[in-house]
Amino acid sequence: LVGFTLEDVLPASLATRLFEAIQTTLASGQPQCIEYHIATDPSVMVSEAQLVKMTDDQVLMVSRDITSHKRTERNLHIFQSLVEAATDGITIVDDSGKLRYSNPAYKAMLGLPADAPVGQQQHASGTLTTAGRATLDDAIEAMSQTGRWQGTLEHQHVNGQTIVTDVRSFAIYDSRGNFIQAGSI
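Just so it is clear, the model here is predicted, and its values are computed rather than measured. (Residues numbered from 1 in each chain as written. Predicted model: local features only at pLDDT ≥ 70, side-chain atom pairs only at ≥ 80, totals over all residues. Heavy atoms only, no water.)

### A closer look at helix H2 (residues 12–28)
A rise of 1.5 Å per residue sets the reference length of H2, with its 17 residues, at 24 Å; its end C-alpha atoms lie 24 Å apart and thus fit the reference within 8%. Taken together, the buried residues of H2 touch helix H1 (6–9), strand S1 (32–39), strand S2 (44–55) and strand S3 (58–65). One or two residues past the end of H2 sits Gly29, with phi positive at roughly 75°. (Helix = DSSP H or I, 4+ residues; strand = E, 2+ residues; numbered from the N terminus. Expected span 1.5 Å × (residues − 1). Contact = heavy atoms within 4.5 Å.)

What follows is the structure, given as structure tokens:
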């Protein structure tokens, strides 16, 4: 806003923070990024200011509203906490059957250590019996067609014991509606 000071348009504490960031940017020549909150009725807006030195006595500051982004981050953290604390095994398998995620309850059910790696190298069928592997292939095919699958899967515990699980799975689609993963509980 041309013709106004920071103190004219912002709460005093925020104006001070931004002024200090401007001074730091001028002195160091390094870009600064400041996240700040502004009380609005009835909530709080979260903004981010990027500051870049333009000349020896000028800084360009661009602010943007990141409230939605911060809300999404918070919701993802809550969701992750819920999934990690769940007592049911939860997995995500991609369309080729590779295990992309498994929560601690799933790993414990199979006798795997909590820090057992999950990723591109581990195929979901590695935790299944021969019958379970065939069922997994059928389940992925069904999910790609109908969006859901429910049935039993035979897993193999690290001690060799067969564990039969009741599984409810659902398809996960990309933004174009293509089946890309399956979530299972």
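### Focus on the sheet that holds strand S8 (residues 179–184)
Within the open sheet, the 5 strands sit side by side as S5-S4-S8-S7-S6. Their pairing is antiparallel. If you trace the sheet from one side to the other, it starts and ends with strand S5 (99–102) and strand S6 (148–156), each paired once. Pairwise comparison of adjacent strand axes, ignoring direction, gives a mean angle of 25° for this sheet. Bridge analysis of strand S7 (residues 162–173) against S8 gives 5 bridges, and the strand direction is antiparallel. Bridge pairing links Ser169 to Ser184 in S8. (Pairing = 2+ DSSP bridges. Axes fitted to C-alpha atoms, helices over the stretch in contact; angles between N-to-C directions.)

### So, the pairing of S7
Each regular strand carries side chains that alternate between the two faces of the sheet. By the bridge criterion, 9 bridges tie S6 to S7 in an arrangement that is antiparallel. Within S7, the position partnered with Glu154 by the bridge is Val164. Where S6 hands over to S7, the hairpin turn is made up of 5 residues, of which Gly160 adopts a positive phi near 95°.

### Focus on the pattern of salt bridges
Taken as a whole and assessed by the stated rule, the structure comprises 7 salt bridges. Note that Glu35 is salt-bridged to Lys70, the shortest N-O span being 3.1 Å. Here Lys70 lies in helix H3 (residues 67–85) and Glu35 lies in strand S1, a separation of 35 residues in the sequence. Residue Glu35 is classed as partly exposed on the basis of its relative accessible area of 32%. In this structure, Arg64 engages Glu48 in a salt bridge whose closest nitrogen and oxygen atoms are separated by 3.1 Å. (Salt bridge = Lys/Arg side-chain N within 4 Å of Asp/Glu carboxyl O. Buried < 20%, exposed > 50% of the residue type's maximum accessible area, 1.4 Å probe, protein only.)

### Examining the sheet that holds S3
Sheet strands pair by backbone hydrogen bonding; their relative direction is either parallel or antiparallel. Across the sheet, which stays open at both edges, the 3 strands sit in the order S1-S2-S3 with antiparallel pairing between neighbours. Because the sheet does not close on itself, it has two edges, and the strands there are S1 and S3. This sheet shows a mean twist of 30° between the axes of neighbouring strands, independent of strand direction. In this fold H2 packs onto S1, S2 and S3, with an angle of close to 170° to the strand it touches most, S1. Together, S1, S2 and S3 form the strand contacts of H3, whose direction differs from that of S2 by roughly 120°.

### Brief notes about the nonpolar core
Formed by 16 residues in total, the largest nonpolar core has its most connected members in Ile140, Met143, Trp149, Leu153 and Phe179. At the level of elements, helix H5 (130–146), S6, S7 and S8 are the ones that each hand at least two residues to this core. Examining the composition of this core, we find that 4 residues originate from one element, H5, more than from any other. If near-sequence neighbours (up to four positions away) are discounted, Ile140 is found in contact with Val93, Asp94, Asp95, Gly97 and Phe179. If you look at the next biggest cluster of nonpolar residues, it comprises 13 residues, including Leu10, Ile34, Tyr36 and Ile38. (Core = buried A, V, L, I, M, F, W, Y, C linked by side-chain atoms within 4.5 Å.)

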